[in-house]
2 protein chains.
Amino acid sequence: MTEPREAAIAYAHRNQERFLEDLKEFISIPSISTDPERKGDLLRAAEWVASHLRHLGVDCVKVMPTGGHPVVYGEYLKAGQGAKTVLVYGHYDVQPAEPLELWDSAPFVAQRRGESLYARGSSDMKGQVVAALAAIEGAMSNGALPVNLKFLIEGEEEIGSPNLATFIAAHKDLLACDLAFNPDTGMLAPDLPTITYALRGMAYFELRVYGPSHDLHSGLYGGVVHNPAQVLCELVAAMHDEKGRVTLPGFYDPVRPLDAEERQELARLPTTEAFYLEQTGVKMLWGEAGYTPVERTGARPTLEVNGLYSGFTGEGSKTVLPAWAMAKISCRLVPDQNPERVFEQFRQYIEAHAPKTVRYEVFNLVGGQASISDRNSDGVRAVCRALEHVWGKRPVFRREGGSVPVVAQFQTYLGVESVNFGFGLPDDNAHGPNEKLHLPTWQRGIDAIIHALYNLGEG
Amino acid sequence: MTEPREAAIAYAHRNQERFLEDLKEFISIPSISTDPERKGDLLRAAEWVASHLRHLGVDCVKVMPTGGHPVVYGEYLKAGQGAKTVLVYGHYDVQPAEPLELWDSAPFVAQRRGESLYARGSSDMKGQVVAALAAIEGAMSNGALPVNLKFLIEGEEEIGSPNLATFIAAHKDLLACDLAFNPDTGMLAPDLPTITYALRGMAYFELRVYGPSHDLHSGLYGGVVHNPAQVLCELVAAMHDEKGRVTLPGFYDPVRPLDAEERQELARLPTTEAFYLEQTGVKMLWGEAGYTPVERTGARPTLEVNGLYSGFTGEGSKTVLPAWAMAKISCRLVPDQNPERVFEQFRQYIEAHAPKTVRYEVFNLVGGQASISDRNSDGVRAVCRALEHVWGKRPVFRREGGSVPVVAQFQTYLGVESVNFGFGLPDDNAHGPNEKLHLPTWQRGIDAIIHALYNLGEG
């Protein structure tokens, strides 16, 4: 079985410059999903993906409407019923390019400088989508793929995929598969192939505390009215104990403990204390006692204050006793916490702790499930072997602190796990000016995807 | 000595309608001190007062410049060296009239409806200034006053008298006197003559807590960085203990305790729990254990959160871990607390409680001394007897929760106490739309001031 694999790799190497031209063309469409004036460009980008899939020989390619920007679907089922079916996920939308004056070259005209290609979307994630298509083209150059494929390339990832869950739930049969590839999670360093096997979920709340019916003069009434800003501070302050643990009732009950093997694996990651100190500019880290920084951000749930507001916030002084106060608070969740259940714990906490001297309201703004993948699934092992082959180094297994809801949505609606990897790097400025793609890593990435497809076909 | 006193009262009664016309003329000048475009009107109002004083026969009348709006000075020293000298304080500036659409008649065209005169400044305090001038005119109609008088009528009271302390300190000799009359503190009810013998001071701070060098993604960094908004809440929350007492170190040490007699006197006030519930709209009062509402607002120091700000405060959700957080915090002070010393206590508290994981800054924005007057001074007894005579009822003695810095400034720079009274009522809407003056109370007030002048001349 090494013959077709090596032929595919050779094909990919011969065609590297053309793949790069494809990527430059894809990049030139400013598909900024948050900008209502770019609706036409989003459609053009979707059509570009669809046309490219058709050109490869993918069947049933469709640009399918959603409540927002469309989803591109396609399938290749010629490997037959005995072969695995991989759902390839990606997104064709990008972040805005502002502030434009900080770019050294035009954001939507890809420019090669040194070993990198500079443009919005080069790393996140048009480069990753083109890498997957290039690898598939290489493998198809032998006439047949070793696995079946389906494609789901969406256009709303950068605005939180508001219509994706509905789309997936409505098309369970169409999207039925054995596993998903999600090449959107990147690597920790150019020499460190990385598999992200867990993503945190989220629950986002707003708490409003109401005191007097109107703002009061703090001189005339200070001392007889419970200040709602003070009450808000008391409620927020007691949401953590002195060990940095969240005090919502039952918060940790469903949290899967880390076993010794996983902790050892996480300890291999380069995101040490020094990394976090440098990235954040704080003089000292903080967090839940008994866990390392990488465990705290990836494997443990957290509660953060995202915003505070009350009373007078301008320059100088105003002696107001405010009528109300507000906090935005969000939790990052880990398996098997449930966002609705955490909102209920938040509600219970407030009910138990809010003094009778005030009124309050709690609002549940956003919820998304955490996800964790079996590190020994066929898919993970196939990608792991592929990365190890290309880099000559065993990949690190990483838990990611952020939330990628599509991974949990595939688990929930399709019952499948995703293999989360990719070839973006931490210094790619994914959402900032001068976004870049490191081309040697990208080219290795194409090879690795070819290997992964053949590994899956064998396994 | 009853002859001249009764002649003065009779004169005042004969001239009531003209006094009212004087007031309407004074009101028609929109002397809004906070509005830079009204500078000319402030000067017109000052000139109106000066001209009126000259017309009465007051000597050395001057409109004296300050760093802001001018002060009107005048003196009547013909009672001779043996007689007391009273410094009459007042202000000719007013609050803005906005929102104009809530007024039932034009704010600067006084309109009589029922027993009240409606206009901006009618109660606060052009009506009080005209009452004092009318009483003095009545007493002077007999040829000579029983006391010497000096006048200090300022134009910046409604913007916090920013230039007054400097002015007083620079003119100690000119302003030298035995006591001051400040008719700006009002009555608790039309049938309840009121002397305000204590005013709270103020110390106003800003606290800023700094965490990471820039806003962070709460998913990627939540759990390893001490959230500055959380730290701010913890610091603010612990500024009160479970008994509602302020925890700044040494905060209560210089506070003069209330004796049984004073508590009994304060218990006569109609500002009961029911009053505060109605005024504030809260369902339950709160405050320092062991003190009544009226003691809490008047005789005890307090600490209030005036404002909170951090991170994302717009609609919806943004998963930011904020770089910094801010609180505006002010204390109302009572004798013998000192605002500078309280700032130092605040600084010490933050230094002792701020965790090493954050940086912070504290700013001292405003400071003003509390004041308390001897309830048995000649001045207080003279006014007390006058009020009792006119109303047929012993006045209540009230501590006021707000701050009127001029009272402490007279104590500090001139070494004299003020008698704080006045004929405004709680429902006069002093700073709101449809400000009014209750005319029967105002006319009694003129009589009372005449009596007070003669009482002082006798005592």
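See the structure shown above.
All of the points below concern the structure found in this document. (Residues numbered from 1 in each chain as written. Chains lettered and ligands numbered in written order. Predicted model: local features only at pLDDT ≥ 70, side-chain atom pairs only at ≥ 80, totals over all residues. Heavy atoms only, no water.)

Looking only at helices and strands, chain A has 15 helices and 18 strands in total. In terms of overall dimensions, chain A is globule-like: its C-alpha atoms have a radius of gyration of 24 Å, near the 23 Å expected for 459 residues. Seen through its C-alpha atoms, chain A measures out along the principal axes to roughly 85 × 50 × 45 Å. Each of the 459 residues in chain A was classed as buried or not, and the buried ones make up 61%. As displayed, chain A offers around 17200 Å² of accessible surface, 49% of which is attributable to carbon and sulfur atoms. Between the mean site of the 43 positive side-chain charges and the mean site of the 58 negative ones, chain A shows a separation of 2 Å. (Helix = DSSP H or I, 4+ residues; strand = E, 2+ residues; numbered from the N terminus. Rg over C-alpha atoms; globule rule 2.2 N^0.38 Å. Buried < 20%, exposed > 50% of the residue type's maximum accessible area, 1.4 Å probe, protein only. Areas by Shrake-Rupley, 256 points an atom, 1.4 Å probe, with all protein chains shown as cover. Lys, Arg positive; Asp, Glu negative; His and termini not counted. Charge placed at Lys NZ, Arg CZ, Asp CG, Glu CD.)

Once chain A has been moved 0.2 Å along the axis and rotated by 180°, it coincides with chain B to within an RMSD of 0.2 Å. What the rotation and shift describe, once combined, is the action of a two-fold rotation axis. Looking at the interface residues of chain A, 100% of them are also at the interface in chain B, so both copies use one shared face. (Least-squares fit on C-alpha atoms with pLDDT ≥ 70 in both. Contact = heavy atoms within 4.5 Å.)

For the rest of this paragraph, the subject is the side chain of S371 of chain A. Residue and element names in this part refer to chain A. Relative to the assigned elements, S371 resides in strand β15 (residues 371-372). The class for S371 is buried, based on a relative accessible area of 2%. Leave out the neighbours within four places in its chain, and S371 touches Y197, A198, L199, P335, V407, A408 and Q411.

All names here are of chain A. Its location among the elements puts A134 in helix α4 (residues 126-140). Overall, A134 belongs to the buried group, its relative accessible area being 2%. Once the C-alpha coordinates of A134 and D22 are considered, the two residues, 112 residues apart in sequence, prove to be 9.4 Å apart. Among residues more than four places away in sequence, those in contact with A134 are F19 and I446.

Glancing now at unusual backbone geometry. Omega for the peptide link from P335 of chain A to D336 of chain A comes to 0°, which places this bond in the cis form. Take D336 of chain A: it is sitting in the loop between β13 (324-333) and α12 (339-353). The omega torsion of the bond from D124 of chain B to M125 of chain B falls at -15°, within 30 degrees of zero and hence cis. With respect to the element layout, M125 of chain B can be found in the loop between β5 (116-118) and α4 (126-140). If you check the backbone angles, N434 of chain A has positive phi at about 55° while not being a glycine. Within the secondary structure, N434 of chain A is located in the loop between β17 (418-420) and β18 (436-438). Notably, N429 of chain B is not glycine yet its phi reads approximately 55°, a positive angle. What makes N429 of chain B partly exposed here is its relative accessible area of 39%.

This brings us to the packing of helix α8 (residues 228-237) of chain A against helix α8 (residues 228-237) of chain B. Between α8 of chain A and α8 of chain B, whose axes approach to 8 Å, the crossing angle comes to 115°. As α8 of chain A runs across α8 of chain B, the sense of the crossing is left-handed. Here α8 of chain A contributes C233, E234, V236 and A237 of chain A to the contact with α8 of chain B, which in turn contributes C233, E234, V236 and A237 of chain B. A class-by-class count of the residues in the contact of α8 of chain A with α8 of chain B yields six nonpolar, no polar and two charged. (Axes fitted to C-alpha atoms, helices over the stretch in contact; angles between N-to-C directions. Left-handed = near helix turned anticlockwise from the far one by under 90°. Nonpolar A, V, L, I, M, F, W, Y, C, P; charged D, E, K, R; others polar.)

Pairing is antiparallel in the open sheet, where eight strands are placed in the order β14(A)-β9(A)-β13(A)-β11(A)-β11(B)-β13(B)-β9(B)-β14(B). Two strands lie at the open edges of the sheet, namely β14 (359-368) of chain A together with β14 (359-368) of chain B, each paired on one side alone. Each strand of the sheet is rotated relative to its neighbour by a mean of 20°, with strand direction disregarded. In the sheet, strand β9 (residues 201-210) of chain A pairs with β13 of chain A via 10 bridges, with the strands oriented antiparallel. Bridge pairing links Y204 of chain A to S330 of chain A in β13 of chain A. Against the sheet, α12 of chain A contacts β9, β13 and β14 of chain A, and its axis sits at roughly 165° relative to β14 of chain A. Across the sheet, helix α12 (residues 339-353) of chain B lies against β9 (201-210), β13 (324-333) and β14 of chain B, angled at about 165° from β14 of chain B, the strand it touches most. (Pairing = 2+ DSSP bridges.)

All right, on to the packing of α4 of chain A against helix α15 (residues 439-458) of chain A then. Residue and element names in this part refer to chain A. Relative to each other, α4 and α15 sit at 50°, their axes nearing to 8 Å. By the angle between their axes, α4 is oblique relative to α15. You can see that α4 and α15 cross each other, and the crossing is right-handed. Residues G127, V130, A131, A132, A134, A135, I136 and A139 of α4 lie in contact with α15, whose contacting residues are W442, I446, I449, I450, L453 and Y454. Across the contact of α4 with α15, the residue classes break down as 13 nonpolar, one polar and no charged. (Parallel < 35°, antiparallel > 145°, perpendicular 65-115°, else oblique.)

Purely geometric numbers; function is a separate question.
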